[in-house]
Amino acid sequence: MRNRITTLLATVLTSVFVGNTAQAEPEFVANFGTVAPDNTPWADQLRSVKERIEKESNGRIKLKLFLGGSLGSEIEMIQDVARGERLHGGGFSTGAIGEAAGIPLLQMVELPFLFQTNDEVDAVLDNVLYVPVSKALEEKGFVLTAWAENGWRNFATKGGPATSPEELAKFKMRSQESPVHLDMYKQYKVLATPKPVSEVLPALNTGIVDGFDNTPLFSIAAGWIEPVTHYTMSWHIYQPAGVVFSKSFIDGLPDDLKKIVMGDPKTESVQGRAGVRELEEVLIQQISDMGKEVIYLTPEQRQAFATPALLVHKQFLGNHPELVPLYKEVRTKLDAMR
């Protein structure tokens, strides 16, 4: 009997240690990068993806998150994901992916004043653009698993408001590293300098730039709101983001793990958007409480920005005639909703 108990105990201990070893040594490890700061809905969405994949794969896949641009700029990290070596996935703005990977379709999504409401955004991204974007990304070495959201970009300035293109032209603005964003500023006759996320706050503090455009959430989370004095609610660009993996990483997984990584794109997209949108009003009030003047444009003031922005659309389509049919499909969807 004593020998039997000893044998059973040894069997149990062996199974425990073997189980722990298996969990400690996953079959696949994916490094996941983003410029999204910690303690934000974006970080929460990526952690949710990490936890779901690790749980559903029973530890066979391990995701390591690198937040806040700790592994470089968006452009650098996106190019790393395409290679599938140092990074295997990440959460990035569509404009940055489009620029880094040479995908004009993702630049089209961020044309100024293309959208007017969140409902329009969701209908177009989910029902018109999801499949074309997925195919375009796959051709460049990426797999789209879900939409995420930066949100509606607004103008933040130091020393005065930006309620018209003429007022905005008084400021040296930081622009995202995107031709569409730079072309918008050119139409407004604004001196704009493209800078990666890591360089924006020092540039604001030293006067290299006088302003920027971004969402309330990112403006606060990145600390950019501190040096400015005015935040103008222009809603001039809606900026989606994408949760993407390297195609080479996905292709290297067995079929059962591929399904787990892909998950339910629709559900994860809805959850990611909700996490950002539910904070908008609170964050705008926080900006005001910080002593910044929050300005809401009148319909006439917003139209003064929107009219020259249409020239950005025309210029973009002239440079990318292959996207004209899809652009028309987007406009048809939008016209039907207005």
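Before going into details, it helps to say that this report is about the structure given with it.

Parameters and conventions
- Residues numbered from 1 in each chain as written.
- Predicted model: local features only at pLDDT ≥ 70, side-chain atom pairs only at ≥ 80, totals over all residues.
- Heavy atoms only, no water.
- Helix = DSSP H or I, 4+ residues; strand = E, 2+ residues; numbered from the N terminus.
- Contact = heavy atoms within 4.5 Å.
- Buried < 20%, exposed > 50% of the residue type's maximum accessible area, 1.4 Å probe, protein only.
- Arc of directions from axis to C-beta.
- Pairing = 2+ DSSP bridges.
- Right-handed = clockwise from strand over helix to strand, strands pointing away.
- Phe/Tyr/Trp six-rings, centres within 6.5 Å; stacked < 30°, edge-to-face > 60°.

1. What to know about the side chain of Glu120
- Position of Glu120 relative to the elements: it lies in helix α6 (residues 118-139).
- Apart from residues no more than four positions distant in its own chain, Glu120 is found in contact with Phe115, Leu334, Met337 and Arg338.

2. What about helix α12 (residues 255-262)?
- Those residues of α12 lying buried are Leu257, Ile260 and Val261. Across the axial projection of α12, the buried residues extend over an arc of 95°, all falling on one side. Residues of α12 that are exposed and point more than 90 degrees away from the buried face comprise Asp255 and Lys259.
- Turning to α12, the residues buried within the fold contact β1 (28-34), α2 (41-56), β2 (61-66), β4 (142-157), β8 (230-246) and α11 (247-251).
- Where α12 terminates, the next one or two residues include Gly263, which has phi positive at roughly 60°.

3. As for the pairing of β1
- Across the seven residues of β1, six count as buried, placing the element largely inside the fold.
- Bridge analysis of β1 against β2 gives six bridges, and the strand direction is parallel. Looking across to β2, one finds that Gly33 is bridged to Phe66.
- Regarding topology, α2 serves as the crossover connection from β1 to the parallel β2, and that connection is right-handed.

4. Overview of the packing of aromatic side chains
- With the rule as written, the count across this model stands at twelve aromatic pairs.
- Pairing Phe245 with Phe249 gives two aromatic rings, centres 6.0 Å apart and planes at 15°, and the pair type is stacked. Neither Phe245 nor Phe249 differs from the other in exposure class; each is buried.
- Each residue in the set Trp42, Phe212, Phe218 and Trp224 is aromatic and connected to the rest through ring pairs, giving one cluster.

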